[in-house]
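Here are the chains, one letter per residue:
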Amino acid sequence: DVLLVGVRCSLAVREVRELSRCDRRVGLTASQADTIHAGRMYDFEVDTTHSSVADCADEVGEWLAGNPPPTAFSELVRQHAVV
């Protein structure tokens, strides 16, 4: 089974993080703001704007503990299937 988890964050926080890293071109996150999640489907999403990585991991773990059915991946395959 494939479960897709989306990880989101506000643009303002992404820009601060981008500046603190030495491996990113400044402005990259802003240039991707409208497209990074466009057309994507997720079974579950977390937001790191105000949550730590550990908190987000806990959220995902709790969600997985409920044995969720995978839907996003199969829907993406269905949408992109060549007929």
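Residues numbered from 1 in each chain as written. Predicted model: local features only at pLDDT ≥ 70, side-chain atom pairs only at ≥ 80, totals over all residues. Heavy atoms only, no water.

## Some details on the overall build of the chain
Next, step 1: Looking only at helices and strands, the chain features four helices and two strands.
Next, step 2: Scanning the chain from its N terminus toward the C terminus, one meets helices and strands in the order β-α-α-β-α-α.
Next, step 3: Relative to its length of 83 residues, the chain is extended, with a C-alpha radius of gyration of 15 Å against a globular reference of 12 Å.
Next, step 4: Once the C-alpha set of the chain is aligned to its principal axes, its extents read approximately 40 × 35 × 20 Å.
Next, step 5: Across the 83 residues of the chain, 18% fall into the buried class.
Next, step 6: The long-range fraction of contacts in the chain, counting pairs at least 24 apart against all pairs at least 6 apart in sequence, stands at 67%.
Next, step 7: Working note: accessible area of the chain is about 6,100 Å², and carbon and sulfur atoms make up 57% of it.
Next, step 8: Treating the 8 positive side-chain charges of the chain as one cloud and the 13 negative ones as another, the clouds have centres 9 Å apart. (Helix = DSSP H or I, 4+ residues; strand = E, 2+ residues; numbered from the N terminus. Rg over C-alpha atoms; globule rule 2.2 N^0.38 Å. Buried < 20%, exposed > 50% of the residue type's maximum accessible area, 1.4 Å probe, protein only. Contact = heavy atoms within 4.5 Å. Areas by Shrake-Rupley, 256 points an atom, 1.4 Å probe, with all protein chains shown as cover. Lys, Arg positive; Asp, Glu negative; His and termini not counted. Charge placed at Lys NZ, Arg CZ, Asp CG, Glu CD.)

## Quick notes on the confidence of the model for the chain
Next, step 1: Averaged over the chain, the pLDDT score is 92; the fraction of residues at 70 or greater is 98%.
Next, step 2: Predicted confidence in the chain is weakest over helix α4 (residues 72-80), with a mean pLDDT of 87, and strongest over strand β2 (residues 44-47), with 98. (pLDDT = per-residue confidence, 0-100.)

## A closer look at a negative patch on the surface
Next, step 1: A contiguous patch of negative charge, built from D47, D55, D58, E59 and E62, is present on the exposed surface.
Next, step 2: No other element matches helix α3 (residues 53-65), which puts four residues into the negative patch.
Next, step 3: Among the structural elements, D47 can be located in strand β2.
Next, step 4: A relative accessible area of 37% places D47 in the partly exposed class. (Patch = residues over 30% accessible without salt bridge, like charges linked within 9 Å, V, L, I, M, F, W, Y side chains within 5 Å. Salt bridge = Lys/Arg side-chain N within 4 Å of Asp/Glu carboxyl O.)

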